[in-house]
Amino acid sequence: CRWRCLGFEKNPRPEHRHQRMQKADLSTRLATLTSTLSSTNENIKINKLLQEIIDLSRVVSISRLDGFRKILETLRVLCFDSEKVIRTQCLRAVRYLVTDEASMLAMLQLNLDLFVVRTLERPNKKEYKLERVQALKVVMRLLEISPMKIPRSLVQSMVLIMSKKDDDLRRVCLDRIRGLAFQNPGVVASTNGIHAMVEAILDPSCGDIAGQLTMTLLYLLDQESTRRYIRPSVHIQHILSVFTDTESPETQEKEARRVASAKALMIIMRSWTGIFILASDKVGLRSLVDILSLPASFRGSSWSKDAVFMLLLQILSVVKSEDLTTHKAKGIWKSMGPNLLHSYVVMVLLAFIQSGLVPILAEIGMEQGQEMSSVATNLLREILHLSADLLPSDPWGAQLNALPSVINCAASLDSKRVVSRVLARDMLQKMSTGQYDVDDKDPFQDDFQGPHESEVTPELSGYNTLVHGLDLEAIAMQSDSAPMARVQGRKQHHMPRIVTTSRSGQRGQLMAMHRRITTSSEEVVNRLMAESGVVGNRTREYATWDWDKCLYLLEGPLANPQYLQSVMRNTRFCKRLLSFIKPSKHAFSAMAWTLSNMRVVKVACQLFRVLCLSKETSESKIFSECVREILDELVIEATRSSNPSSGSTSRSPTASVSSATDLNANYGGTRARRLRPFSRESVRERLAREYFTLVGIVTSSRHGAELVRQCKKPGSFYSDLYNLYKDESKDYLARLILSCFSYGNHNKNQRTLLDIWVKQGSVNLRKFAVSHLRVLLRDKTQDVLSHFWQWGVRLLASQLGHSNEELGLAALSVLEEVCQDDKCLEFLIKFCKPRFANIGAAANNLQMKFLSKRSGVQYLQQIDWIEQQMQLWMAEGNQKYVEAVENALVGAFDTGMHIPKVQKDSTRDPALSAYLSTGAEVKARKPEYGYGFGGIHCSIRTEYDDYYFARLHRLPWKVSISLEYANRSQYFILSEAFVHTVPHIAQTVYRRRDSKRGSERESEPMMAETPSGLETYIAAIVIAPNGTPRPQKLVDGVTIRAQLSVGSLNPPAKQKSAFLRRFEQVCSPNDRQRLVEISCGRCFLETKHARWNFLKNIPAKKSIRKQTAIRKTSAVKGHGGKRDDLYLESVWFKIPTPNSSNPVVCLAPHFFGELAKTAEGCEILGQSGHVLNFIHTVLAPLAGRVHSVDELDEKNDAKNGSEEKTFQSEAVTAIEQRTALWSIGQIGSSETGFRLLTKQKINVIKHISKMAMKCPTLSMRGTCFYIMGLLSRTPSARRMLYDLGWRFSPNAEVGIVIPKDTTSFLSVKACEYRGSWAKHRSNTFGLDFVPIKNAPLSQTTLKADYSNCAQVILGHLSNLCNSVTIKPSLNELRRLRKDPRARPFFLSADMMFQVFRMITSYDFQLDARRCVFDELFDHVSVSQHSLKVFDKDLHATNVKEEIQNLNKSLLAARMSAEEKDPDPLISAPSKEKKTRKAESKLHRPKFCVVGFNSNSSDGDGNRSQSMEK
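Residues numbered from 1 in each chain as written. Predicted model: local features only at pLDDT ≥ 70, side-chain atom pairs only at ≥ 80, totals over all residues. Heavy atoms only, no water.

## Points about the overall build of the protein chain
Here is step 1 of the chain: Scanning the protein chain from terminus to terminus reveals 72 helices and 25 strands.
Here is step 2 of the chain: Taking all 1509 residues of the protein chain together, the buried fraction comes to 55%.
Here is step 3 of the chain: Considering only intrachain contacts with a sequence separation of at least 6, the fraction spanning at least 24 residues in the protein chain is 76%.
Here is step 4 of the chain: In the form shown here, the protein chain has an accessible surface area of approximately 67900 Å², with 50% of it arising from carbon and sulfur atoms. (Helix = DSSP H or I, 4+ residues; strand = E, 2+ residues; numbered from the N terminus. Buried < 20%, exposed > 50% of the residue type's maximum accessible area, 1.4 Å probe, protein only. Contact = heavy atoms within 4.5 Å. Areas by Shrake-Rupley, 256 points an atom, 1.4 Å probe, with all protein chains shown as cover.)

In structure tokens:
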């Protein structure tokens, strides 16, 4: 393969000699092999002949040759060979010979499957393992060829094996039966395979595939054509029986079955099919609800009640009532569209309310001393709140909120019910006030951030942000320099829990002091300033200053400008703090950036805030000097020329000051003084970085901005920074400057600076600026949004045409978020006229939003975009959209299972959407057809999510990259890190198969894990010593190591080695063999937590076209050409973002839905005729799938009988009908689109309403339920739907409709069960009488002439499937097998055929079948002539006649043999051998019985055969 990739072809494989033979010669050769195989008795020669047949079948199709049937007959004989090697090779030959349906049919005509069954059911021992595996491979080959024609015997055998827990082939058979249930459920149901799958679901050893098995049951229950093969009242109730089983003893196995049952029930309840099935069954959900009413004294009820409560809480946790209230107030559903998960919650509420859950919860909540009373109260409150927001007030609101039992008990005046009255009133009070009985205390209540390094535990948000050894969420929160009130105002359950090592009791004292300090006297304030250490004799002992008291003073009385002026005049408190902050003092700037030093940063920031509050304080001399010094240092660093020798690039990592304690030792003349405050190392590891925060505080205030203008009178401060973009080595300063400014309405200079840098800066600077624009957009505390639609949209639109695709995609992602505002969307269309040529299909979501505006339709018509997209969406876009929606629903529920692929025309539940294959491999980063649905939201950002995202941009990221060579030497590379966000549409991840599974590469897209559809990275760019980007050339065998850190945060010394081993990312030479090329000369590699970006061949002065030519030439040269040089460009560390809100599924823009929002779009849509096509597709019948051979015959008969009939519309597949439904729903979700639907001649709305109520396919009901919700968003549609019997949620934007008759809506029509083999027409085997106690003795007793021996044997064999009669019948069969007159029946191939008929017709246990094959009929004499009986039909109707003829033929053969030999069953050599043994042992008794028992009889009467000594 390597030579072929380089353009060379190795010597082709020599042509097989059979390929050069003609068909006649092949037939002759096959006949020769067959005759030789049937005549030889040497095992080695037989094995060679079988291998030659296998080799022949590999190159030619033997099934088309003349002697194919003859070779199968010969192999049929070899299946009974005494050597297991021959039997194994024979089965292998059968597998290679059967290649198509014709050869499979020839095999089944010879009943060769019965011999495969015999081998497959051999004992589970090591000696039979290879033989059984080959038999199973034969079955798998037949399943691949034609699952509809698979014989029942093979399926029955696999079902028995998968029911055996200790069998080695159980898991394989279980997987194959599960796959066969999708294609041929009839044969699986007839062999009791459905029940076996249910048992496997509850089996703890099958827990890893229990989810897949449950989804298989849901698939069968979904369609009416497959629902007839399953008994919901039996199979689903078997899963629920674990909950209701309170009598069996408590064992470990029972506990494991409980867990498996709870998981299966959760999967069932998270699908439309499961809800309909359980709600329609009278003992379904009702049995679960009734468990809650069991008394506590009832044995085994506690676990069941806990499990049901946990189930209810998990189901309702998808949507929270608090989120509904918040989203309604913010108008989220109006801008984003309805959340499809609301429809699911409504269905669950209706199902449980109909099952009587509310009264039972009310009773439990009023019980005294019950552990579940508080849980029931909270659950009832959540149900009532969800019902009030989602369900119509009439009639559900009145029924639920009445709570007659609780109200009557609370209003009762009966003295005997005092306790109940108090409990009822408490319950009503908790539900009305929203008081929960859970521990919701403030995480900061007992703990406080002390002055030393703290231990941070990851108890933050429910989303794991602990990565690369850093608790990023805790770091982001603790490093925030915002006022304490703002930080504490965040949601408390997202705040980090701090466990300090000292001063654990200071928080309560300082908080009490903070409350008193605002009203305290001047004397108290002076005393506190003296206690802080700032005002006193120890002026320069900064380590002794109490920064906590300083902060509380600045946030307390000094926050008053008048009081602050008095303090500045009378004390030196502010002067000494400002002196400490000055860069020239090398005190503040020399401290290391650690979490313990963040207290110092908060004091500095708060001091600058209070000084900028008034004109007097901001113009003070000490403050203006400090600000001027900071600005001068910044301008000096910005205008400094790039010199590799400048700065301190080779300094020791220990040069920075780690804490305030070390500051005094370094203050006064160490290397820390000589380090520039704004050098690259200082802003990355020291508190000098926070000077930018101070500059941002000053420039964001009116008085501070005036101070900046006064400090830089000779030249504007901003004019000195305009040209900073020209020096790429100063990008780190530009990023910090961009992140510190506020860009408010009064900050025109800052906007101008941003505009210049975004349009003319380097690519890396632009990437950060675009990401920072997203931060500004989400920051609700600034006045940026007031005019962001003017200046921000222009900046983003200017980056869409950049040659760097990642930059264009990042700008597009921000624009999609901005254009949720109609004002921004209008401005983008009218004034920006964006061009998406470089981005391509990724911009389709944004362009589809243009269709919702009249100006957008006109603009897109000018560029001929609408007609092209309409053709693409009609081709495959609509179907891709439906698949994306249904996959998003599956992802929201997060069932965490792998679903197998089935045919695309399968009707499935939205929760089963993973069954549908999404298409071919992804070979490029852009979507193949020009539509990506990344806009389907998985969650809604909260205020805290935006806050955390903004804090990530302010942290001092640092990435250490080193190269490790083969001789263990290391070389460190300089890098520069910053935050970079990339939309997930650009993140196509290519994976390779594991080397053990194969070397073929498969490409799969990775869905984004972040809530907003973004991937957040810390991008580390490799730079030169002067700071400019310069990729590092790699040599062979070098290993790249990278480690992410923040500031000067390092792991403890004791844990450092373990820290590096665990969180250091490594790219080895073997990893680089999996490089994926994404563009000309650019490639990347994905590891666990990092992405490595490389470049190939970087010539100094050659164009890209020449580079491509050089690379192609070197590739053709192979080993003789020059190899590509590989350069490391950057390393990206993936950073998780928290998800503090519940997942939502909001629809992405739909082409036809957006087009129908304007009159011009409706005109285009009406002229195209697609709306009428959608309506005809919805009205067309579904193309039913064939699920059994009987259905295939019925369809053929129906087709032959109705050839003269003509149908108005052809049948459509389920996916086509769902696609049409979603298109109609999107079109009708707007007023103009709904009017377009009503103008059509066919009332499609009425038809969809009927489908939602009575469609036999349950998942299609759920789809129609979604569509009715989309249609209900317009007043015109609500009026029509109200007349059709639908009611609506109080909030129309939620898109919820509920039928007035919920009982009919939740009911499922019962269908006739067709999975019974007893009623199957192919089941023709039967016996008149079997040897049981109640049967007549004359019919079940062996006759004297053995004329009914076959009937008696078969009768006893039939008793082996009964656990009551198996033991006596088996003993009788063993006795008959030893009987000389009955033994021929156990050696006859004809009798063996009848036994096979019985075994394939009756349900035997696997042990009983093995006993029949390996003990009773283990020495059947076989030959090609004797096995001719297997050519008969296995399901013939003349079974009784054949059994009678079998009796006659065997009796005649026995009588003719007795005439020749009076002892026919003992051959002459055997007689001589037994005689010699008897004569050699003198101690034997005088007489012994041989052969026949003394009680055996023949036609002449009773006689005994004996031998004398």
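There's more to say after this.
## Remarks on the nonpolar core
Here is step 1 of the chain: Phe573, Phe608, Phe1094, Leu1357 and Phe1417 are the most contacted members of the largest nonpolar core, which totals 413 residues.
Here is step 2 of the chain: Per-element accounting of this core gives the leading share, 12 residues, to helix H22 (residues 340-354).
Here is step 3 of the chain: Not counting chain neighbours up to four residues away, the residues in contact with Phe573 comprise Met529, Ser532, Val534, Val535, Cys550, Leu553, Leu554, Leu558 and Val567. (Core = buried A, V, L, I, M, F, W, Y, C linked by side-chain atoms within 4.5 Å.)

## Observations concerning the sheet that holds strand E6 (residues 957-964)
Here is step 1 of the chain: Here we have 4 strands laid out as an open sheet, ordered E7-E6-E13-E14, and antiparallel in their pairing. Unpaired on one side and paired on the other, strand E7 (970-973) and strand E14 (1065-1067) mark the two borders of the sheet. This sheet shows a mean twist of 25° between the axes of neighbouring strands, independent of strand direction.
Here is step 2 of the chain: Across 4 bridges, E6 lies against E7 in antiparallel orientation. Bridging from a neighbouring strand, Ser962 pairs with Phe972 of E7. (Pairing = 2+ DSSP bridges. Axes fitted to C-alpha atoms, helices over the stretch in contact; angles between N-to-C directions.)

## Some details on the packing of helix H9 (residues 152-162) against helix H10 (residues 170-183)
Here is step 1 of the chain: The interhelical angle for the contact between H9 and H10, taken along N-to-C directions, is 130°, at an axis separation of 8 Å. When the axis of H9 is compared with that of H10, the two are oblique. Crossing handedness for the pair H9 and H10: left-handed. Residues Val155, Met158, Val159, Ile161 and Met162 of H9 pack against Arg170, Cys173, Leu174, Arg176, Ile177 and Leu180 of H10.
Here is step 2 of the chain: For the contact of H9 with H10, a count of residues per class yields 9 nonpolar, no polar and 2 charged. (Parallel < 35°, antiparallel > 145°, perpendicular 65-115°, else oblique. Left-handed = near helix turned anticlockwise from the far one by under 90°. Nonpolar A, V, L, I, M, F, W, Y, C, P; charged D, E, K, R; others polar.)

## Things to note about the state of the cysteines
Here is step 1 of the chain: By the definition in use, this model includes 0 disulfides.
Here is step 2 of the chain: Among the cysteines around Cys824, which has no disulfide bond, Cys819 carries the closest sulfur, lying 6.6 Å off.
Here is step 3 of the chain: On the basis of relative accessibility, which here comes to 5%, the residue Cys824 falls in the buried class. (Disulfide = S-S within 2.5 Å.)

## Regarding unusual backbone geometry
Here is step 1 of the chain: Notably, Lys833 is not glycine yet its phi reads approximately 50°, a positive angle.
Here is step 2 of the chain: Residue placement: Lys833 occurs in the loop between helix H48 (822-832) and helix H49 (844-850).
Here is step 3 of the chain: For Arg968, which is not glycine, the phi torsion reads 75° and is therefore positive.
Here is step 4 of the chain: As for its placement among the helices and strands, Arg968 is situated in the loop between E6 and E7.
Here is step 5 of the chain: The exposure class assigned to Arg968 is exposed, which follows from its relative accessible area of 69%.

## A word on the packing of aromatic side chains
Here is step 1 of the chain: One pass over the full model with this rule turns up 39 aromatic pairs.
Here is step 2 of the chain: The interplanar angle of 85° and the centroid separation of 5.2 Å between the aromatic rings of Phe1151 and Phe1152 together place this pair among those described as edge-to-face. Here Phe1151 matches Phe1152 in class, with each residue buried.
Here is step 3 of the chain: An aromatic cluster of three or more residues is present, and its members are Tyr542, Trp545, Trp547, Phe580, Phe588, Phe678, Tyr691 and Phe692.
Here is step 4 of the chain: Taking the ring centre of Phe949 as reference, the NZ or CZ of Arg778 above it sits at 4.8 Å. (Phe/Tyr/Trp six-rings, centres within 6.5 Å; stacked < 30°, edge-to-face > 60°. Lys NZ or Arg CZ within 6 Å of the ring centre and 35° of its normal.)

## Brief notes about the pairing of strand E17 (residues 1090-1096)
Here is step 1 of the chain: Of all 7 residues in E17, 6 are buried; the element is thus mostly enclosed.
Here is step 2 of the chain: Of the pairings in the sheet, the one linking strand E16 (residues 1082-1086) to E17 comprises 5 bridges and is antiparallel in character. Among the inter-strand pairings, Glu1086 is bridged to a residue of E17, identified as Arg1091.
Here is step 3 of the chain: Between E16 and E17, which pair antiparallel one after the other, the connecting turn spans 3 residues.

## Quick word on the side chain of Arg951
Here is step 1 of the chain: Mapped onto the fold, Arg951 is located in helix H52 (residues 943-952).
Here is step 2 of the chain: With relative accessibility at 10%, the residue Arg951 sits in the buried group.
Here is step 3 of the chain: Other than its neighbours up to four places away in sequence, Arg951 contacts Ala476, Ser479 and Asp480.

## Quick word on the pattern of salt bridges
Here is step 1 of the chain: Applying the stated criterion to the full structure yields 52 salt bridges.
Here is step 2 of the chain: Glu531 is the salt-bridge partner of Arg527, the closest N and O atoms lying 3.0 Å from each other. Here Arg527 pairs with Glu531, and both are found in helix H31 (residues 522-532), just 4 residues apart, close to one helical turn.
Here is step 3 of the chain: Classification of Arg527 by relative accessible area gives partly exposed; the value is 44%.
Here is step 4 of the chain: In the salt-bridge network here, residues are joined through shared partners; they are Arg87, Arg122, Glu131 and Asp1414. (Salt bridge = Lys/Arg side-chain N within 4 Å of Asp/Glu carboxyl O.)

## Points about the side chain of Ser1272
Here is step 1 of the chain: The topology assignment puts Ser1272 in the loop between helix H62 (1258-1271) and helix H63 (1275-1283).
Here is step 2 of the chain: Within the local environment of Ser1272, its side chain forms a polar contact with the backbone oxygen of Gly1269, the two atoms lying 2.7 Å apart.
Here is step 3 of the chain: The contacts of Ser1272, once residues within four sequence positions are left out, are Arg1278, Leu1281, Phe1288, Ala1292, Gly1295, Ile1296 and Val1297. (Polar contact = N/O pair within 3.5 Å; in protein donor to acceptor, adjacent residues only side chain to side chain.)

## Comments concerning the environment of Lys320
Here is step 1 of the chain: Topologically, Lys320 is positioned in the loop between helix H19 (301-316) and helix H20 (321-330).
Here is step 2 of the chain: For the pair Lys320 and Leu386, spaced 66 residues apart in the sequence, the C-alpha separation amounts to 7.5 Å.

## Overview of the environment of Lys1088
Here is step 1 of the chain: Note on placement: Lys1088 falls in the loop between E16 and E17.
Here is step 2 of the chain: It is 9.0 Å that separates the C-alpha atoms of Lys1088 and Lys1134, two residues lying 46 residues apart in sequence.

## Some points on the confidence of the model for the protein chain
Here is step 1 of the chain: Taken as a whole, the protein chain shows an average pLDDT of 76; of its residues, 74% reach a score of 70 or greater.
Here is step 2 of the chain: Predicted confidence for residues 644-673 stays below pLDDT 50, and this span has 55 contacts to residues more than four positions away or in other chains.
Here is step 3 of the chain: Counting contacts from residues 895-932, a segment whose pLDDT is below 50, to residues more than four positions away or on other chains yields 116 contacts. (pLDDT = per-residue confidence, 0-100.)

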